[in-house]
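# Fold and geometry: a report
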Amino acid sequence: MLAGWCVFYFLCLDQYLFETGVLPFHHAMLVAPFAVSIFALAPQRRLIDGQVALYVWCLVFTAWTLLGLSAGPLNEGAIWEVGARVSFVVFLSLSFFMFHGSATVTRDFALIASAACFVVVPMLVVDLFAPQAFSSLNVGRPAGVYINPNRAAFALVLGHLIAQVTFRGRLRTTQLVVTWIGVLLTASRAGILLMALASLAFAFDRRQSLDVFFLRLLGVCAAAVAVASAVGWAAMSGTLDTPGVLSTQMESRIESLLAFDLRDYSTLERESASLAALSVLSDNPFLGAGPGITRVWDEVPTHNMYLYLGAESGLFGMLLFPALLMASGWSAIRRGRLPLQHVLLVVAFLVWAFFSNSIFGEKCFVIVIAWMAARCSASSGAHTPELRPSEARRVS
């Protein structure tokens, strides 16, 4: 049952069912049966350093949010923002409670996240040639059940990073190629950047032989060249001009990528919002302008986690997101041994925060942070479950 919840949230089915009108109530209400399942099915262990660090962060984050209410008007935007942050803290705590209490669910989630690309990428292919096939709320680029293409790209990147300790051999290579295809299909510039950084980082992994690395690099390059050549030919030959083949937004993104043009409408819109957030932060450096200010202003969302927290919660608020990622690996930091996978996941979140301001509201990302924290905590606790013989041989 708990593994089913992991599938449900990592594939972002809660928001998909709500935003497409299938759920007659707000998707946040689904957390209630999720909590009941956790307390009923997941055996719990004693508190250890890593768990305490995460819960302390949750308390500080909640207290600073409530304190920030004094800095701005208590309007509808502020109430909505406080509710969203409290919901995020509750979901993060419950997810961490679940993973820390059950090594089986922790392992199952890693398999789910690693294999998600084999389900998501076919959806993206359908969405490419049948825009908005899954939801009319899609902006026009392939996203599948994630609705937002950038959200889909980052979920694929996270699944790829988690797969590095889940899959082996040819399966890992296949997962790498499929993930690259999926990220390219979303046309997410941030997603492509993160996949390139991840591939480069794994190239320096000492546990990987050069022949395996070059084989994977060849596979990725072949897939990228094939996709880029097909799309480029279609764009230049006028095939994409046929009504209904691709959306206008997808055609525009492809043209900007092929021309290496980063000054498109999306970039200019985000630049304007970023400048507005910096102006608000400079005027209110301590507490910010109050929760919800970026929801009621005339600009679009900041698309930047740091500027969003800075404008609403001040300079200290800007540090809260990096502090969360530090708390997630606190046990490993104290031992002085952070695994490469955890470091890359942290870097991925830190980089992604420059392109998105909604990480706290995306349960598919929050559950990954909870999983990261639980793995680091469990590895340092006295109650770490023994590995099966096959797993022990693989680790050794």
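For the structure given in this document, a descriptive report is provided here.

Turning our attention to the overall build of the protein chain. When you go through the protein chain residue by residue, the secondary structure sums to 20 helices and zero strands. For the protein chain, restricting intrachain contacts to residue pairs at least 6 apart in sequence, the fraction spanning at least 24 positions comes to 74%. Surface summary for the protein chain: the accessible area is close to 18100 Å², and the carbon and sulfur share equals 68%.

Together, Met326, Trp330, Ile333, Leu338, Val343 and Val347 line one region of the surface with nonpolar side chains, adding up to about 470 Å² of accessible area. By the element assignment, Val343 lies in helix H18 (residues 340-352). Taking relative accessible area as the criterion, Val343 reaches 32% and is therefore assigned partly exposed.

With that out of the way, let us pick up helix H5 (residues 76-101). For H5, with 26 residues, the first-to-last C-alpha span of 37 Å sits near the 38 Å given by 1.5 Å per residue. With a side-chain oxygen positioned 3.2 Å from the backbone nitrogen of Gly77, the residue opening H5 is Asn75.

Further remarks concern the packing of aromatic side chains. Per the stated rule, a full pass over the model turns up 22 aromatic pairs. Aromatic side chains Trp5 and Phe8 sit 5.9 Å apart centroid to centroid with 85 degrees between the ring planes, which places their arrangement in the edge-to-face category. A residue pair is termed a helical-turn pair when its members lie 3 or 4 positions apart in one helix, as Trp5 and Phe8 do in helix H1 (residues 2-10) at three residues. Just as Trp5 is buried, Phe8 falls in that class too. Following the ring pairs from residue to residue traces out a cluster consisting of Trp57, Phe61, Phe88, Tyr306, Phe321, Phe354 and Phe360.

Taken as a whole and assessed by the stated rule, the structure comprises two cavities of 30 Å³ or more. Taken as a whole, the second largest cavity encloses approximately 40 Å³ of empty space. If you go around the second largest cavity, the residues you meet are Gly72, Pro73, Asn75, Ala289, Gly290, Pro291, Gly292, Ile293 and Val296. Residue classes in the lining of the second largest cavity are distributed as five nonpolar, four polar and no charged.

Grouped together as the largest cluster of nonpolar side chains are 94 residues, with contacts concentrated most on Trp57, Leu92, Phe99, Phe109, Tyr146, Phe321 and Phe349. Beyond its immediate stretch of four places on either side in the chain, Tyr146 contacts Phe10, Leu11, Cys12, Val120, Arg151, Ala152, Ala155 and Cys364. Ranked by size, the runner-up nonpolar core spans seven residues in total, among them Ala289, Trp297, Leu307 and Ala311.

Right, let's talk about the pattern of salt bridges for a bit. The final tally for this structure, using the stated rule, is three salt bridges. For Arg85, the salt bridge is made with Glu312, and the minimal N-O distance between the two is 2.9 Å. Highlighted residues: Arg85 in helix H5 and Glu312 in helix H15 (residues 305-318), separated in sequence by 227 residues. The salt bridge involving Arg151 is made with Glu362; its shortest N-O contact spans 2.9 Å. Linking Arg151 in helix H8 (residues 149-163) with Glu362 in the loop between H18 and helix H19 (363-380), this pair joins segments that are 211 residues apart in sequence.

Axis angle and axis distance: for two packed helices, these are the angle between their axes and the distance between the axes, and together they describe the pair. Two elements in contact, H8 and helix H9 (residues 169-186), have axes whose closest approach is 9 Å; the angle formed by their N-to-C orientations is 165 degrees. Of the possible angle classes, the one that applies to H8 and H9 is roughly antiparallel. H8 and H9 meet at a crossing whose hand is left-handed. Where H8 abuts H9, its residues Pro149, Ala152, Ala153, Leu156, Val157, Gly159, His160 and Ala163 lie against Arg172, Gln175, Leu176, Thr179, Gly182, Val183 and Thr186. Tallied by class, residues from the contact of H8 with H9 come to eight nonpolar, six polar and one charged.

Relative to the helices and strands, Ile112 is located in helix H6 (residues 103-115). Residue Ile112 is classed as buried on the basis of its relative accessible area, which comes to 19%. C-alpha separation for the pair Ile112 and Ile162, spaced 50 residues apart in sequence, amounts to 9.7 Å. What Ile112 contacts, discounting residues up to four positions off in sequence, is Ala3, Cys6 and Val7.

On to unusual backbone geometry. One non-glycine residue, Cys12, lies in positive phi territory at about 60 degrees. Residue placement: Cys12 occurs in the loop between H1 and helix H2 (13-19). Despite not being glycine, Ile147 has its phi angle at roughly 65 degrees, a positive value. Its place among the elements puts Ile147 in the loop between helix H7 (117-129) and H8.

Here is what the cut-offs are and how they apply
- Residues numbered from 1 in each chain as written.
- Predicted model: local features only at pLDDT ≥ 70, side-chain atom pairs only at ≥ 80, totals over all residues.
- Heavy atoms only, no water.
- Helix = DSSP H or I, 4+ residues; strand = E, 2+ residues; numbered from the N terminus.
- Contact = heavy atoms within 4.5 Å.
- Areas by Shrake-Rupley, 256 points an atom, 1.4 Å probe, with all protein chains shown as cover.
- Patch = residues over 30% accessible without salt bridge, like charges linked within 9 Å, V, L, I, M, F, W, Y side chains within 5 Å.
- Salt bridge = Lys/Arg side-chain N within 4 Å of Asp/Glu carboxyl O.
- Buried < 20%, exposed > 50% of the residue type's maximum accessible area, 1.4 Å probe, protein only.
- Expected span 1.5 Å × (residues − 1).
- Polar contact = N/O pair within 3.5 Å; in protein donor to acceptor, adjacent residues only side chain to side chain.
- Phe/Tyr/Trp six-rings, centres within 6.5 Å; stacked < 30°, edge-to-face > 60°.
- 1 Å grid on protein atoms, 1.4 Å probe; cavity = no way out; pocket = protein on both sides within 12 Å on 5 of 7 lines; lining within 4 Å.
- Points joined across faces, edges and corners; volume = space filled by probe spheres on them.
- Nonpolar A, V, L, I, M, F, W, Y, C, P; charged D, E, K, R; others polar.
- Core = buried A, V, L, I, M, F, W, Y, C linked by side-chain atoms within 4.5 Å.
- Axes fitted to C-alpha atoms, helices over the stretch in contact; angles between N-to-C directions.
- Parallel < 35°, antiparallel > 145°, perpendicular 65-115°, else oblique.
- Left-handed = near helix turned anticlockwise from the far one by under 90°.

Worth remembering: the numbers are spatial, not functional.
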